[in-house]
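# Architecture and fold: a report
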Amino acid sequence: MIGASTIRKEGRGKVMGTAQYTDDLALDGVLHGMTVRARCARGVLKGFRFLPGVPWDEITVVTAADIPGRNAVASIVDDQPFLVPVGGTIAHPEQPVLLLAHPDRCVAEKARALVALDVEELPAVLDIQASLDCALVIHGTRNVLKEIHIDKGDADRALAGAAHVIEGEYRTGAQEQLYLEPNAMTASVAWDGPDLRVAVAGSLQCPYYVHEALKQLFALPGERVRVVAMEMGGAFGGKEDYPSLNAGHAALLALKSGRPVKLIYDREEDMAATTKRHPSRTRIRAGFDDAGLLLALDIDFVLDGGAYTTLSPVVLSRGAIHAAGPYRCPDVRILARAVATSTPPCGAFRGFGAPQSLFAIERHMDVCARALGMDPVELRRRNLLRMGDTTATGQLIREDLDLGGLMDRAMAELDYRALQRAYAVRNAGCDRIRRGVGLAVFMHGCGFTGGGEAHMASVAGVEALADGTVAILAASTEMGQGKNTVFCQIVAEALGVPVEQVEMAAVDTDQVPNSGPTVASRSTMMVGRILEDAARGLRQVLVQNGLLREPYTPGEFRAAVAAGRARLGALRCYGQFRPNPEASWDDVHYRGDAYPNFSWACYAAAVSVDLATFEVKVEDFAAVQEVGRVVNPTLATGQIQGGVAQGIGWGLWEEVTFKAGRMANNQLTNYIIPTSADLPFIRVAFLENAAQGGPGGAKGIGELPMDGPAPALLNALRDALGDLRLDEVPMTPDRILNRWEEAQNG
Amino acid sequence: MAETITLTLTVNGVLRTVDTHPMARLLDVLREDMGLTGTKEGCGEGECGACTVLLDGRLVNSCLIPALQARDAVVVTVEGLADGDRLSPMQAAFLTHNAAQCGFCTPGMLMAAEDLLRRSPNPDREQVRAGLAGNLCRCTGYSKILDAVQAVARGEGGQP
Amino acid sequence: MRSYLPDYELKAPGSLAEALATLSAEPGAWTPLAGGTDLMVLFNAGKLQGRRFLDLSRVYELRGVQDEPSRLTLGALTTYTELLEQRAVHQFFPNLAASARATGALAIQNRGTLGGNIVNASPAADTPPSLLAYGAELELVSVRGSRWISYAAFHQGYKKMDLAPDELVARVRLPKPQGLTFHFYRKVGTRQAQAISKVCLAAFARIEDGAVAEFRVGLGSVAPVPARAPHAEAAVTGARLGALPIAAARQAILADITPIDDIRATAHYRNVVTANVLGQMLGDLEKVRA
């Protein structure tokens, strides 16, 4: 069961076109919602006017004045309003001000353009440098949304004594998740006498985040709010916190109109207005001795969080903890800051801060190797973490880690050294095409940081149904990663029944407990483990009641369930997250066991660059990782290949162009993600090393593949092109040309 | 003001009549007037291919076709690929190869894959890549989609 | 996004005569619609100018291909896929085949038309450089009759054409090159498919007695219109193979282009890359042997 490539349960609906995504729902009497947005980066909302051209008497209008509860989106810090009130501050140009709805979608669209906003414009802060400079303060006292310090040893002293200190600065741009299905939400209200009930169903990763947000928006107790997670056409973090906002909007329109509401974003609006990966700027000073031993790291890591706090504290946290990379280093200082700008708030995107900081350190290690006259592979080998070492937060590596072996395996997949030699010969000729290889070694912490899981105390359960099948009760959502199937495999194995006898219950807060959000690569490892416990509990109940004797057949299990339900009533068994008593984390000083465990990887790339056009082609790519036990090899490979594709896109093509705080290239024709013609075959290999924590020893894999491609590619470009300043993502042809000319001019 | 018109077209082998505006998108006629929600809207720009259908035997983006231009046409959507409960070889291959993750690109991708093999029954991997280049996928990195198409071209596999 | 449908009118004339009569009766009021791959994108973005559209897609007189010994004539409604199905296109006009393959992706190629592409007049269009390189001519028709013009004279400025409000492009005619010929097409896009070009260069040369007897270069995305490269052409025409003035031509082409910074690339990038692609092309031309 675990280790089998079971075919996905929900796959059939997908290939038949019968799977129901949110906009596929046909709702009687539905109104189509539209969001009117600020259009100016910063200002004070003075009022609004409705211009002639649509039948305004047929249109439902919602403003901040219609909010029954709190006009604040429940989050880490509740600083983001659902709608800007009159007299309130507009903090970014896509900020929602007003909501409209009409039975005809194109009337609602036309009406949107006929709302005139009266705004007193104010100056805005548009990038990281302007925010740090504080010439204009738009948040708190110094534009800082969150600051984290990580200190290990004494970095200043160690750098002062180091034979070589090498500095670098690295930048990454925003990235759009570009799930194929734009954000979509439906809502309806009902009255139970005087009691309001609110229900939403939509494309969302975290039903209980939305549940909490709606409770506060409507000032309702939990039992009168219902959130259902629909089939999602991709998410990658882009539907992690944003849905609290559009669910609230859809529900407000439903309340005002008394009708069900569909709020479906088109692609342009989704790209411009919803959350993106945080842009970053990282400065690194690395100290080495003459033999290439890494002595010290001083890292300054800054993220652009946009206008409100949202998830910036946790994105920053993960980025900071990963900033020192997979290296043994006794003296480390990491100063991490998330700063505010007058742009749409950033949020979660697969990797969650780690791709940004890992890009910097892995690119820098290559730069350092060249500066020291060493081979980049050998410099890494000398400094990679081993069992018994500690990370930057002082977490002890307790597993038998062989990162050098991981690196060797990735290199073997590409025949790295042979390629490198062959490329060097070809590059020395006058070929217009230059070629190179590069790699990156990295890790990704699985699950929430530190005490996050203990704090959440997730609950999940199983229920034996009348027909002898078992339903899984969990709030984890399926977004293509195959979580439904993996959970069924885990529970089936724990119960000793065929996987066909296990199903996922609908993800409906009326029916399933809060097993936590579907984020942080935690579902298999954390929720899977809880389900394993719950399933074992169910088995025990049946055995202890004399209904089942081991070993048993599936038919006997079914009979036992029928008898058990007759005798005991409903047969439900829950499990809860059990914190590891040995793990300890100091959230104030950022010291200790940051994650229950890490997955480890080395990715290697071969690239070619055409010196006529500076276009880059990825010729070959190998992704090798150690992720504990692989529950479903086919699904796991799919996750890695998909993540690598996103990482390649981020590294080479995906640029978000901002003009006055708005995304100017918010069309698929101008925001470039890879087509099938742009990618090579992506070789994937798993090294298994059963770890503590996950079911059967599984660790998290969802986000890991995002961290490696960008640095591996830019390291390969360095190999191909020579000593160019390759310090920025995406490294577009335009940028390569600039760096090339910079190097030619000396 | 422009009026609605009555159009007939054949969709998945069935003659359908619909009253619609001549410039209504074929995508919306399929999804809203006919309830065939398998075909998806991913961008409205003809870039992503999620809305791909066959129109008179040619692969097209239905978000770019005004209804008037589909009058008397023969349209095939994803709902027309299976024979009752029996999946087409391509649908079955997508399942066994895990070529569908979130599934949103899958209907359009299936149409493009079926069309490719009809026109070119023995494509190599690069030809499959090129043939599917008009259908964006964000989840899979395309590898398993290409595997599935090549498997069908080789005549492998049956119902999963 | 949805455009407000009641604002729009789309009607389908039964014949070319009917279409021309409509255009003549209300010049400027009607916009022709063919494959829709440009206009419907604007419609979906709420950016479509114009409210009344004439569906030409079934006007049979605008379809069809005439393959004659000395020339190939294509109806304006010829789609990119139909272009790729013509043996004569592959045999005599490989740049045209290359530009058809470079356009969007298959679903766009099945619908987009030659006439629509020409009249949409985007400076970044993929096929016009090939038409310029081959010395294409256009037939423009109206109720007043028909006239043929050189395609090189058609674009007069950004989205300004030698096309009266009551005229339609009916046919595109290409003289078949004779003798020893050289063809080159390169589109530098944002990615390998579904890409708008950043630089596009199509070249055609006829070689006689080891020298370049005829030489035409068509360019895209480096000027307000699809453009020829007169300075570069002058530098190379008449030169002998084995002694092509590549450096001079690279310099000369910079006088032929006026690129801008836009959302896809900078003017500097376009200048450098145009010269480089010209250099690549001339390097290939150098190697042509009878």
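What counts and how
Residues numbered from 1 in each chain as written. Chains lettered and ligands numbered in written order. Predicted model: local features only at pLDDT ≥ 70, side-chain atom pairs only at ≥ 80, totals over all residues. Helix = DSSP H or I, 4+ residues; strand = E, 2+ residues; numbered from the N terminus. Rg over C-alpha atoms; globule rule 2.2 N^0.38 Å. Buried ≥ 20, exposed ≤ 12 C-beta atoms within 10 Å, placed from the backbone. Contact = placed C-beta atoms within 7 Å. Domains from an automatic or database assignment. Nonpolar A, V, L, I, M, F, W, Y, C, P; charged D, E, K, R; others polar. Pairing = 2+ DSSP bridges. Axes fitted to C-alpha atoms, helices over the stretch in contact; angles between N-to-C directions. Parallel < 35°, antiparallel > 145°, perpendicular 65-115°, else oblique. Left-handed = near helix turned anticlockwise from the far one by under 90°. Expected span 1.5 Å × (residues − 1). pLDDT = per-residue confidence, 0-100. Core = buried A, V, L, I, M, F, W, Y, C linked by C-beta atoms within 7 Å.

### Details of the overall build of chain B
Along the backbone of chain B there are five helices and five strands. Counted from the first residue to the last, chain B has its helices and strands arranged as β-β-α-β-β-β-α-α-α-α. For chain B, whose C-alpha radius of gyration is 16 Å, the value lies close to the compact-globule estimate of 15 Å for 160 residues. Each principal axis of the C-alpha atoms in chain B carries an extent, and together these give about 50 × 30 × 25 Å. The burial tally for chain B puts 66% of its 160 residues in the buried class. For chain B, contacts bridging at least 24 residues in sequence account for 58% of all contacts bridging at least 6.

### Topic: the overall build of chain A
When helices and strands are tallied, chain A shows 20 helices and 28 strands. For 746 residues, the compact-globule formula gives about 27 Å, and the C-alpha radius of gyration of chain A, at 26 Å, lands near that figure. Seen through its C-alpha atoms, chain A measures out along the principal axes to roughly 80 × 75 × 50 Å. Split into buried and exposed, the 746 residues of chain A put 61% on the buried side.

### Some details on the domain arrangement of chain B
All names here are of chain B. According to the domain assignment, chain B consists of domain 1 (5-80) and domain 2 (89-153). Using C-alpha coordinates to define each centre, domain 1 is positioned 21 Å away from domain 2. Listed as interface residues are 13 residues of domain 1 and, on the opposing side, eleven residues of domain 2. For the side of domain 1 that touches domain 2, the element with the most residues is strand S3 (residues 52-55), which contributes three residues. Taken together, the residues of the side of domain 1 that touches domain 2 sort by class into seven nonpolar, five polar and one charged.

### Some words on the sheet that holds strand S14 (residues 294-306) of chain A
All names here are of chain A. Strand order in the open sheet formed by six strands is S7-S15-S14-S13-S8-S28, and the pairing between neighbours is mixed. The strands lining the two open edges of the sheet, one partner per strand, are strand S7 (144-152) and strand S28 (728-729). Of the pairings in the sheet, the one linking strand S8 (residues 164-172) to S28 comprises two bridges and is parallel in character. Residue pairing for S28: Arg171 is matched across the bridge by Glu728.

### Here we look at helix H5 (residues 94-102) of chain C
Residues and elements named next belong to chain C. Within H5, seven of the nine residues are buried, leaving the element largely enclosed by the surrounding structure. Looking only at H5, the buried set comprises Asn95, Leu96, Ala97, Ala98, Ser99, Ala100 and Ala102. On its buried side, H5 packs onto helix H3 (80-84), helix H4 (87-92), helix H6 (106-109), helix H8 (128-133), strand S11 (180-189) and strand S12 (197-208). Positioned one or two residues after H5, Gly104 has a phi angle of 50°, which is positive.

### Considering the sheet that holds strand S13 (residues 211-220) of chain C
All names here are of chain C. Read from one edge to the other, the open sheet built from four strands follows the order S11-S12-S13-S14, with strand pairing classed as antiparallel. The open sheet terminates on both sides in strands that have one partner only, identified here as S11 and strand S14 (227-228). As paired elements, S13 and S14 share two bridges and run antiparallel to each other. Residue Leu219 lies in a different strand from S14, and its bridge partner there is Ala227. In the packing of H5 onto the sheet, the strands contacted are S11 and S12, and the crossing angle to S11 comes to about 15°. Where helix H11 (residues 267-286) meets the sheet, it contacts S11 and S12, and its direction lies at approximately 25° from that of S12.

### Re the packing of helix H9 (residues 354-372) of chain A against helix H19 (residues 709-721) of chain A
Residues and elements named next belong to chain A. It is at 8 Å that the axes of H9 and H19 come closest, and there the two elements cross at 25°. Between H9 and H19, the angle falls in the class roughly parallel. As for how H9 packs across H19, the hand of that crossing is right-handed. On the side of H9, the interface is formed by Pro355, Leu358, Phe359, Glu362, Arg363 and Asp366, while H19 contributes Ala710, Pro711, Leu714, Asn715 and Arg718. The residue makeup of the contact of H9 with H19, split by class, is six nonpolar, one polar and four charged.

### Side note on the interface of chain C and chain B
Listed per partner, the contact involves 24 residues of chain C and 25 residues of chain B. At the level of secondary structure, the elements contributing two or more residues to the side of chain C that touches chain B comprise strand S1 (9-11), helix H2 (39-44) and H6 of chain C. Along the lines of polarity and charge, the residues of the side of chain C that touches chain B split into 13 nonpolar, eight polar and three charged.

### Observations regarding the interface of chain A and chain B
The interface is formed by 42 residues belonging to chain A together with 42 residues belonging to chain B. At the level of elements, helix H1 (11-16) and helix H17 (633-652) of chain A are the ones that each hand at least two residues to the side of chain A that touches chain B. Of all the elements, H17 of chain A adds the most residues to the side of chain A that touches chain B, at seven residues. Tallied by class, residues from the side of chain A that touches chain B come to 20 nonpolar, 15 polar and seven charged.

### Focus on the domain arrangement of chain A
Residue and element names in this part refer to chain A. One can read the domain layout of chain A as domain 1 (22-122 + 183-264), domain 2 (280-449 + 589-744) and domain 3 (452-576). The straight-line distance from the C-alpha centre of domain 1 to that of domain 2 is 37 Å. Listed by partner, the interface residues are 17 residues for domain 1 and 19 residues for domain 2. Of the residues belonging to the side of domain 1 that touches domain 2, the class tally is seven nonpolar, five polar and five charged.

### Concerning helix H15 (residues 523-544) of chain A
All names here are of chain A. A rise of 1.5 Å per residue sets the reference length of H15, with its 22 residues, at 32 Å; its end C-alpha atoms lie 30 Å apart and thus fit the reference within 8%. Extensive coverage of H15 is indicated by the burial of 16 of its 22 residues. The first or second residue beyond H15 is Gly546, which carries a positive phi of 70°.

### Considerations on the packing of H17 of chain A against H19 of chain A
All names here are of chain A. Remark: H17 packs on H19, axes separated minimally by 8 Å, with the N-to-C direction vectors making an angle of 50°. Taken together, the axes of H17 and H19 lie oblique to each other. The element H17 and its partner H19 pack so that their crossing is right-handed. Between H17, through Val644, Gly647, Ile648, Trp650, Gly651 and Leu652, and H19, the contact on the second element is made entirely by Pro709, Ala710, Leu713 and Leu714. A per-class count over the contact of H17 with H19 returns eight nonpolar, two polar and no charged.

### Observations regarding the confidence of the model for chain B
For chain B, the mean per-residue pLDDT works out to 95, and 96% of the residues sit at or above 70. Taken over the whole predicted complex, pTM reads 0.96, whereas the ipTM for its chain interfaces reads 0.97.

### Details of the environment of Arg572 of chain A
With respect to the helices and strands, Arg572 of chain A occurs in strand S20 (residues 571-576). Apart from the residues lying within four places of it in its own chain, the contact partners of Arg572 of chain A are Gly461 and Glu463 of chain A.

### Let's talk about the environment of Asn383 of chain A
Considering the arrangement of structural elements, one finds Asn383 of chain A in helix H10 (residues 376-383). Linking Asn383 of chain A and Val656 of chain A, residues 273 residues apart in sequence, is a C-alpha distance of 35 Å.

### Digging into the nonpolar core
All names here are of chain A. Of all hydrophobic cores here, the largest spans 405 residues; its most connected members are Val491, Leu531 and Ala604. Of the residues forming this core, the biggest block, ten residues, is contributed by strand S23 (residues 597-610). Excluding anything up to four places from it in sequence, Leu531 contacts Ala460, Val462, Ile472, Ala474, Phe487, Ile490, Val491 and Gly575.

### So, unusual backbone geometry
All names here are of chain A. Of the consecutive residues Glu550 and Pro551, the connecting peptide bond is found in the cis state with omega at -5°. Mapping Pro551 onto the fold places it in the loop between H15 and helix H16 (554-568). For the bond running from Val729 to Pro730, omega is 0°, close enough to zero to count as cis. For Pro730, the position within the fold is in the loop between S28 and helix H20 (733-744). Although it is not a glycine, Thr310 adopts a positive phi angle of roughly 35°. Inspection of the secondary structure assignment puts Thr310 in the loop between S14 and helix H8 (312-322).

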